[in-house]
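Here is what each chain is made of, one letter per residue.
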Amino acid sequence: AWLQSLCLPLLWLGGSQDALSQRRALTPRSAMMPVAVEDVMRLLCSISEERKMKAAVKHSGKGALVTGAVAFVGGLVGGPPGLAVGGAVGGLLGAWMTSGQFKPVPQIIMELPPAEQQKLFNEATAIIRHLEWTDAVQLTMLVMGSEALQKQLLAMLANYVTRELRAEVQYDD
């Protein structure tokens, strides 16, 4: 019954289900419905992949835990001198464990939980909202054709990764 109540106004206005489908096919997505998060994530992956963007997510908590654990064991085994040696060795081990763990930004984007992807999506759509496009391929082509849009999106993405993920961004040229 509720489906009929949705379709009846369309039929009353002279439309049919087929006519509605044809209108949807010809109408740019930006004019018809909200932009799909997945399409924008694909766009950001394409841009960051082209620029070979990588990020090192800093695991400072893990490093601190290793440092503390090794210092504690050193203190148990060797008393105050063992604590000093354990702290030094643990600090070096913790620093080594957390350094240089760079991952490609496209991989990071696709591994983000939906809530984080939505945040990233909101920031990206503020930049591309004026574009009219029908799918991810067309959106990517439009953005790749504009150096200004690419720079804006890359700056937004680098800022997001640094601010929200507390990661260091690196470009391999």
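Residues numbered from 1 in each chain as written. Predicted model: local features only at pLDDT ≥ 70, side-chain atom pairs only at ≥ 80, totals over all residues. Heavy atoms only, no water.

## Digging into the pattern of salt bridges
Step number 1: One pass over the full model with this rule turns up eight salt bridges.
Step number 2: Measuring nitrogen to oxygen at the nearest pair gives 3.2 Å for the salt bridge that ties Glu147 to Arg51. Of this pair, Glu147 sits in helix H9 (residues 147–164) while Arg51 sits in the loop between helix H4 (37–50) and strand E1 (53–57), and the two are 96 residues apart along the sequence.
Step number 3: Exposure remark for Arg51: the relative accessible area of 24% places this residue in the partly exposed category.
Step number 4: With its nearest N and O atoms 2.6 Å apart, the salt bridge here joins Arg163 to Glu123. One end of the pair, Arg163, is in helix H9; the other, Glu123, is in helix H7 (residues 114–128), and 40 residues separate them in sequence. (Salt bridge = Lys/Arg side-chain N within 4 Å of Asp/Glu carboxyl O. Helix = DSSP H or I, 4+ residues; strand = E, 2+ residues; numbered from the N terminus. Buried < 20%, exposed > 50% of the residue type's maximum accessible area, 1.4 Å probe, protein only.)

## Some words on unusual backbone geometry
Step number 1: A positive phi angle is found at Lys52, which is not glycine, with a value near 50°.
Step number 2: Relative to the elements of secondary structure, Lys52 occurs in the loop between H4 and E1.
Step number 3: Of note in this structure, Arg166 is not a glycine but carries a positive phi near 50°.
Step number 4: Within the secondary structure, Arg166 is located in the loop between H9 and strand E3 (167–171).

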